[in-house]
Amino acid sequence: MSISDIDAIIVGAGHNGMALAAYLGKSGWKVLVLERRLEEGGGLTTEQYTRAGFLHNLHSNYHSFVGLCPVYDDLELIGGDGVSYVRPPVQMGSIFRDGTALTIHTDLQKTHISMSRFSQKDADTFVRLYREVKGFQDLMIRTMMYAPPIDLKDITNALSTWKLEDKTEFFRARLRSMSINDFLNRHFENEKVKAMLAFHAAICGYRTDLVGLAISFPFMLGKIDNWRIAIGGSHRLAHAIWRCMRRNNVTLLPACPVIQILIENNRAIGVCLEDGREYLASKMVASSLDVHQTFNRMIEDKWVPQDLRKEICDYQYQDTTLFTAHMALHKIPSYKAAQFDPDINQAWVLNLGYECLDDFNADWNDISNGRVPENPKLNVAVNSRFDPTDAPQGKATGLIRVFAPFAVEGKGAAVWATSFKDVYMQRCIDTLIEYTDEFSESDIIEAKPYTPLDISEKLINMVNGDWMVGRIAEDNLMSNRPNKLLSQYRTPIKGLYLCGSTTHPHGFITFGPAYNALQAIADDFDLDKWWAQI
């Protein structure tokens, strides 16, 4: 591909950058994707992190938008030479210190039975809520996530205009003034049921104590049974997008860090690489990077309006990140709580430690103040239970994840590079073993920590280890993300677009930023919208 051949340049080969490139390539454009790292996929990273033959998803492990996100179908990412998914029948579970357990199933009746052992009223409420959400899921999730965002005030006005509140039990305009904790306390009575549902929100990146996030929570519960495992590791999804790119003549160059977006007469015309090479694009440049890299590091000051520069400087990231222990195992753990509910041994996404909403509140408070939770509460997943390809025969791959701060009080982020990470990992393993049955440390072949500092250094888009690439709060969602001026994926610089997770909806493997940026680009360049219209 010669320099003059390029229609569009995409900076960054994470899943959003790759997806946008594939769409544009399929539209007949000649597209060049430039990636800083040696491999594509961003958070779709799978490595033999502990021992040879054990595949660990270092970042994205849970894919919950399969079947909801149009990108999978438009780019034919599933089946054929694409990715294969498993949807575990027992999706999630919580194990409590008293030996009881609660399980979430793909079979709603089984979830109801499990929940009713704690509260019949809550079980009935959950079923009504779930069915109500499913009735609006296509309208709300697909049109709200996979379309350029509107103002939250317009959403609440629409609820009134559609007279939705007259037709539903749970959707109310007042959710904008409520936290997820408030929603759960209003509708549910049992602390363990509330803890299970709050855990789902937390691993989706939503703090349960922040006012305003209740507006998203019902829709989040609509996909509580849609967690999927990519067989062979999450990187297989990156492979599938890459193959789609190749079929449509998109060129991807790894190990090509962009240091400058070239601008002429207030129009983006190309990029300059670290080694001095320049590539020019006849139509546009799109950045899938965070706003600070894009505007503060790659664009000369004279091209960025002062008010925009200030808003970018004020852009905030999550104060909650993840500490992970990746484990190569001799066998899959079983749990003492199986005596109460045998299905807990078949659950994929597990909560070990959160027993009530106060447990979450205590951890959020610690993390906000730079304190690592002294008693780690675990998110445990053993993918090998459902994917035998991710470990040698008879062995297993597992992970423990814990919510943690990036910068530790009085010590900063550098503490994660010291022996503290090994001490904290051991504390997590000891906690896991307390819940297990006939499983001990001798069943762990090797465990290796992956810290908030590791996240930020491997994927610099995830500033401070923030896998959502921006604070999840009412003032940074929908048309406020990352700010009013940039929320529609266009920038004040002609021909420069944003397609990364600092834009709506947010991080996670939603593909929303790419899909929505595509709509803006298609409108601006009068592209034929061959993809399924929402």
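Higher on the page you've got the structure.
Residues numbered from 1 in each chain as written. Predicted model: local features only at pLDDT ≥ 70, side-chain atom pairs only at ≥ 80, totals over all residues. Heavy atoms only, no water.

(A) Just empty space enclosed by the protein, in detail. Taken as a whole, this structure holds six cavities of 30 Å³ or more when the rule is applied. Taken as a whole, the largest cavity encloses approximately 400 Å³ of empty space. Taken together, 21 residues make up the lining of the largest cavity; nearest its centre are M145, Y206, S216, F219 and H506. For the lining of the largest cavity, the secondary structure elements donating two or more residues are helix 4 (120-145), helix 5 (152-161) and helix 8 (217-221). Element by element, the count of residues in the lining of the largest cavity is highest for helix 4, at four residues. For the lining of the largest cavity, the class distribution of residues is 17 nonpolar, three polar and one charged. If you go around the second largest cavity, the residues you meet are L55, H56, N57, N61, H326, A381, N383, D390, T397, G398 and L399. Those elements that place two or more of their residues in the lining of the second largest cavity are strand 4 (56-57) and strand 18 (396-404). For the lining of the second largest cavity, the element with the most residues is strand 18, which contributes three residues. Looking at the lining of the second largest cavity, its residues break down into three nonpolar, seven polar and one charged. (1 Å grid on protein atoms, 1.4 Å probe; cavity = no way out; pocket = protein on both sides within 12 Å on 5 of 7 lines; lining within 4 Å. Points joined across faces, edges and corners; volume = space filled by probe spheres on them. Helix = DSSP H or I, 4+ residues; strand = E, 2+ residues; numbered from the N terminus. Nonpolar A, V, L, I, M, F, W, Y, C, P; charged D, E, K, R; others polar.)

(B) Region of the structure containing the sheet that holds strand 11 (residues 267-273). Strand order in this open sheet of three strands is 10-11-12, and the pairing throughout is antiparallel. Only two strands of the sheet have a single neighbouring strand rather than two, namely strand 10 (258-264) and strand 12 (278-280). Averaged over neighbouring strand pairs, the angle between their axes works out to 30° when direction is ignored. Where strand 10 meets strand 11, six bridges bridge the pair, whose relative direction is antiparallel. Each residue of the ladder has a partner; that of E264, found in strand 11, is R267. (Pairing = 2+ DSSP bridges. Axes fitted to C-alpha atoms, helices over the stretch in contact; angles between N-to-C directions.)

(C) The arrangement of helix 15 (residues 512-525) in detail. Over its 14 residues, helix 15 runs 20 Å from end to end, which matches the ideal 20 Å to within 8%, given 1.5 Å per residue. Among the 14 residues in helix 15, 11 count as buried, and that is most of the element. Residues of helix 15 that are buried: G512, P513, A514, Y515, N516, A517, L518, Q519, A520, I521 and A522. For helix 15, the secondary structure elements touched by its buried residues are helix 1 (15-26), helix 2 (71-74), helix 4, strand 13 (284-287) and strand 21 (496-498). Just beyond helix 15, the residue with positive phi is D526, at close to 55°. (Expected span 1.5 Å × (residues − 1). Buried < 20%, exposed > 50% of the residue type's maximum accessible area, 1.4 Å probe, protein only. Contact = heavy atoms within 4.5 Å.)

(D) Spotlight on the packing of helix 1 against helix 9 (residues 235-247). Relative to each other, helix 1 and helix 9 sit at 25°, their axes nearing to 9 Å. In terms of their interaxial angle, helix 1 and helix 9 are classed as roughly parallel. Here the hand of the crossing between helix 1 and helix 9 comes out left-handed. Of the residues in helix 9, those touching helix 1 at H15, M18, A19, A21 and A22 are A238, I241, W242, C244 and M245. Taken together, the residues of the contact of helix 1 with helix 9 sort by class into nine nonpolar, one polar and no charged. (Parallel < 35°, antiparallel > 145°, perpendicular 65-115°, else oblique. Left-handed = near helix turned anticlockwise from the far one by under 90°.)

(E) Broad picture of the pairing of strand 17 (residues 378-381). Going residue by residue along strand 17, you find L378 and V380 tucked away on one face and N379 and A381 tucked away on the opposite face as well. Pairing between strand 16 (residues 349-352) and strand 17: three bridges, direction antiparallel. If you follow L350 over to strand 17, its bridge partner there is V380. Relative to strand 18, strand 17 runs antiparallel, the two sharing three bridges. Opposite A381, over in strand 18, you have L399 as the bridge partner.

(F) Summary view of the environment of W29. With respect to the helices, strands and loops of the structure, W29 is situated in the loop between helix 1 and strand 2 (31-34). Accessibility expressed as a relative area gives 8% for W29, which makes it buried. In sequence terms W29 and A230 are 201 residues apart; their C-alpha atoms lie 30 Å from each other. Contacts of W29, omitting those with residues within four sequence positions, involve D7, A8, L24, K283, M284, I521, F525 and L527.

(G) The layout of surface pockets, seen in detail. Of the voids in this model, the second largest pocket is the one considered here, and its volume is about 260 Å³. Forming the walls of the second largest pocket are 14 residues, and the residues nearest its centre are R97, G353, T431, E434 and Y435. Considering only residue class, the lining of the second largest pocket consists of six nonpolar, four polar and four charged.

(H) Fine view of the pairing of strand 11. Most of strand 11 sits out of view: five of its seven residues are buried. Judged from the three bridges that link them, strand 11 and strand 12 form a sheet pairing that is antiparallel. In the strand pairing of strand 12, V271 is matched with Y279. Counted between consecutive antiparallel strands, the loop separating strand 11 from strand 12 contains four residues, among which G276 sits at a positive phi close to 95°.

(I) View of the environment of S177. On the secondary structure map, S177 appears in the loop between helix 5 and helix 6 (180-187). Counting along the chain gives 35 residues from S177 to G212, while the straight-line C-alpha distance between them is 5.1 Å.

(J) Region of the structure containing the nonpolar core. L24, Y206, L237 and F511 are the most contacted members of the largest nonpolar core, which totals 125 residues. The next biggest cluster of nonpolar side chains, apart from the first, holds 36 residues, and it includes A101, F323, F406 and I444. (Core = buried A, V, L, I, M, F, W, Y, C linked by side-chain atoms within 4.5 Å.)

(K) Spatial organisation of the side chain of E35. Looking at where E35 falls in the secondary structure, it is placed in the loop between strand 2 and strand 3 (46-47). We note that E35 is buried and unpaired, the nearest opposite charge coming from R37 at a distance of 5.0 Å. Sequence-distant contacts of E35, that is, excluding residues within four places in its chain, are made with G12, A13, G14, L253, P254, A255, C256 and P257. (Lys, Arg positive; Asp, Glu negative; His and termini not counted. Salt bridge = Lys/Arg side-chain N within 4 Å of Asp/Glu carboxyl O.)

(L) How the structure looks around the packing of helix 6 against helix 7 (residues 191-203). In contact at an axis separation of 11 Å, helix 6 and helix 7 are set at 150° when each is read in the N-to-C sense. Here helix 6 lies roughly antiparallel to helix 7, going by the angle between them. In terms of crossing hand, the pair formed by helix 6 and helix 7 is right-handed. Listed contacts from helix 7 to I180, L184 and N185 of helix 6 are K194, L197, A198 and A201. When the residues that make up the contact of helix 6 with helix 7 are grouped by side-chain class, the tally is five nonpolar, one polar and one charged.

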